[in-house]
Amino acid sequence: MKLKDRFFVFIVLLFLVCLFVFLSRTTYDEVDISSALNKAKANLKENQEIIVFDSKNPFNFRDILKDLDKISNQSVYAILTYPSTQKEKYPVVIGVAGSLGWSDHHHGYLNRYLDMGIATISLHSFASRGIESTVGEQVSVTVAMMVHDSYMLLNEINRRSNLDTDKVAITGWSLGGGVSLFSAWKAVQEELTPNLTFAAHLPIYPPCIANVDNLEFSDAPMHIFIGELDNWVPAEPCIELVENLKSKGKINAEITVFENSHHSFDRDSEPRVVDHAYSLTDCRLLLDKDGTVRTEDYHFPLSNSFLQKIGLYFCASRGPTMGGNPEAAIQAKGISMSFMKKHLLDK
């Protein structure tokens with residue numbers, strides 16, 4: 001074969017490989033949750049019960065909006081905790097943990113809501129899939145998976161006569177903050193549960209770095225918490241998002257930026273560098289109407305796990321800081337309790 005012909009064959013093969021990479025979908029096998037359920041049951045308290053429901057494993061929002069019937073199924077569990085106050089119907093706060101999984105400061109929020117007479121549900125998307133942490137990779141469990149889990153859980157709540165479906169708020173931290181944020185995106189909500197919405201959204205240091213093309217969010221109130229010094233997920237795009245939502249008429253979108261505060265400012269620990277974690281300070285993404293995420297500069301699609309790693313390689317760095325700021329933690333405690341009281345108890 002002549003050199004010219006070999007070069008032509010090489011170009012064709014390269015094109016086919018690139019085409020395969022760009023068109024391929026990241027898929028997941030269904031995970032047996034029996035072991036995780038047994039472990040959860042062993043630690044269950046008298047005022048708790050386990051909720052098991054059917055969900056799916058979408059990699060991104062495009063999977064939800066365009067290809068949900070092709071996505072693998074997944075059983076997921078959550079833990080429902082009742083307050084000591086007896087009620088005919090309980091308002092509910094769903095909590096969604098971050099990339100490191102559940103920690104004491106997460107439970108601190110939920111315990112305070114219990115003291116207010118609100119039932120809480122901790123969503124266990126990680127344990128249901130056999131995952132402990134997604135720090136540094138953000139692929140094994142994704143925001144889209146957990147948003148799907150959250151809406152399937154809302155469906156399950158709707159089947160229970162002692163839980164008030166009209167008063168279910170969702171809060172989350174970091175990755176879970178992204179779930180609390182993007183579960184308000186109308187495109188996903190209308191696809192998954194057209195007749196059910198969350199009553200309030202409290203995203204705590206969420207990734208706001210995706211500029212949403214179809215900026216139609218639910219009418220439910222939203223309040224974002226973010227640290228001024230956060231270099232894991234920066235504050236600036238969250239500020240811009242709230243400004244953009246307000247310009248679209250969503251006057252109940254609010255944000256509190258906590259001074260001198262890093263990521264996880266509500267932890268009871270000193271700030272420290274997490275060497276292997278992504279720092280997304282310089283990343284800006286686009287979220288298309290069809291759910292595809294792209295880089296803002298070059299419109300490079302992050303449509304599967306391989307392309308996502310390539311896209312983040314060119315904008316993300318490593319080694320963000322996380323850790324507590326006691327003053328900010330106290331402020332967040334008060335604001336979060338007032339937010340839930342206003343939207344779940346006072347109405």
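By convention here, each chain's residues receive numbers from 1 onward along its written sequence. Whole-chain, interface and lining totals are the exception, using all residues; otherwise, since this is a predicted model, local features are given only for residues with pLDDT of at least 70 and side-chain atom pairs are given and counted only at 80 or more. Heavy atoms from the whole structure form the basis of all side-chain values; hydrogens and water molecules are not counted.

By definition, any uninterrupted DSSP run of H or I lasting at least four residues is a helix, any uninterrupted run of E lasting at least two residues is a strand, and each is numbered from the N terminus. Along the protein chain, the regular secondary structure elements total 11 helices and 15 strands. Over its C-alpha atoms the protein chain spans a radius of gyration of 21 Å, differing by no more than 12% from the 20 Å that the globule rule assigns to 347 residues. Dimensions along the principal axes, computed over C-alpha positions, put the protein chain at roughly 85 × 45 × 40 Å. Here the protein chain holds 347 residues, and the buried ones make up 57% of them. Across the protein chain, contacts joining residues at least 24 apart in sequence account for 78% of those joining residues at least 6 apart. Here the Shrake-Rupley method, with its probe set to 1.4 Å, supplies the accessible areas, and only the displayed protein chains count as covering residues. In the structure as shown, the protein chain presents an accessible area of about 16300 Å², 51% of it carried by carbon and sulfur atoms. Atoms considered for the radius of gyration are the C-alpha atoms alone. The globule rule reads 2.2 Å times the number of residues to the power 0.38. The buried label applies to any residue whose accessible area, calculated with a 1.4 Å probe on protein chains only, is under 20% of its type's maximum; exposed applies above 50%, and partly exposed to all values in between. By definition in these notes, contact holds between two residues if any of their heavy atoms fall within 4.5 Å.

So, about unusual backbone geometry. A positive phi angle is found at Ser 174, which is not glycine, with a value near 60°. Along the chain, Ser 174 turns up in the loop between β5 (163-173) and α7 (175-182). Notably, Tyr 205 is not glycine yet its phi reads approximately 35°, a positive angle. When you line up the elements, Tyr 205 lands in the loop between β6 (200-204) and β7 (210-212). You can call Tyr 205 buried: its relative accessible area is 1%.

Below, the discussion takes up the sheet that holds β7. DSSP-based pairing: two strands are paired if at least 2 bridges between them are found. With respect to topology, 3 strands assemble into an open sheet ordered β7-β12-β13, the strand pairing being mixed. Every other strand in the sheet has two partners, leaving β7 and β13 (293-295) as the edge strands with one partner each. Looking at each pair of strands side by side, their axes are set apart by 30° on average, direction ignored. When β7 meets strand β12 (residues 285-287), the two strands line up parallel, connected through 3 bridges. Bridged to Ala 210 within β12 is Leu 285. All axes here are fitted lines through C-alpha atoms, helices being fitted over the stretch that makes contact, and every angle between N-to-C directions spans 0 to 180 degrees.

Tracing the chain through its elements places Glu 88 in the loop between β2 (73-81) and β3 (90-96). Contacts of Glu 88, omitting those with residues within four sequence positions, involve Ser 161 and Asn 162.

Quick look at the state of the cysteines now. Count a disulfide wherever a pair of cysteine sulfur atoms falls within 2.5 Å. Going through the model one piece at a time under the given rule, you end up with 2 disulfides. A disulfide bridge connects Cys 208 with Cys 238, and the sulfur atoms are separated by 2.1 Å. Disulfide Cys 208 to Cys 238: torsion about the S-S bond roughly 85°, handedness right-handed. Placement of the pair is Cys 208 in the loop between β6 and β7 and Cys 238 in helix α9 (residues 236-247), with a sequence separation of 30 residues. Residues Cys 208 and Cys 238 agree in their burial class; the two are buried. Between the sulfur of Cys 283 and that of Cys 315 lies a disulfide, 1.9 Å long from S to S. Around the S-S axis, the bridge from Cys 283 to Cys 315 shows a dihedral of about 90° and counts as right-handed. Of the two residues, Cys 283 is situated in the loop between β11 (278-279) and β12 and Cys 315 in the loop between α10 (305-313) and β14 (317-318); the sequence distance between them amounts to 32 residues. Across the pair, Cys 315 and Cys 283 agree in class, each one buried. Here the disulfide map of the protein chain reads 1-2, 3-4, the bonded cysteines being numbered as they appear in the sequence.

Further remarks concern the confidence of the model for the protein chain. Mean pLDDT for the protein chain: 92, with 93% of residues reaching 70 or above. Note on scores: pLDDT gives the predictor's confidence for each residue, bounded by 0 and 100. Low pLDDT (under 50) marks residues 12-17, which in the prediction has 0 contacts with non-local residues, meaning those over four places away or in another chain.

A few words now on the environment of Ile 121. When you line up the elements, Ile 121 lands in strand β4 (residues 119-124). The exposure class of Ile 121 is buried, given its relative accessible area of 0%. When the C-alpha atoms of Ile 121 and Gly 95 are compared, they prove to be 6.1 Å apart, with 26 residues separating the residues in sequence. If sequence neighbours within four positions are ignored, Ile 121 has contacts with Ile 51, Ala 78, Ile 79, Leu 80, Val 92, Val 93, Ile 94, Gly 95, Leu 153 and Ile 157.

With that out of the way, let us pick up the sheet that holds β2. What the 8 strands build is an open sheet, ordered β1-β2-β4-β3-β5-β6-β8-β9; its pairing is mixed. Here the strands that pair on one side only, and so sit at the sheet edges, are β1 (48-56) and β9 (253-258). Going from strand to strand, the sheet's axes swing by 20° on average, the running direction of each strand aside. Pairing of β1 with β2, which is carried by 9 bridges, proceeds in the antiparallel orientation. Counted as the bridge partner of Ile 51 is Ala 78 from β2. Here helix α6 (residues 143-158) sits on the sheet in contact with β1, β2, β3, β4 and β5, set at roughly 125° to β1. Contacting β3, β5, β6 and β8 (222-227), α7 runs over the sheet at an angle of about 140° to β5.

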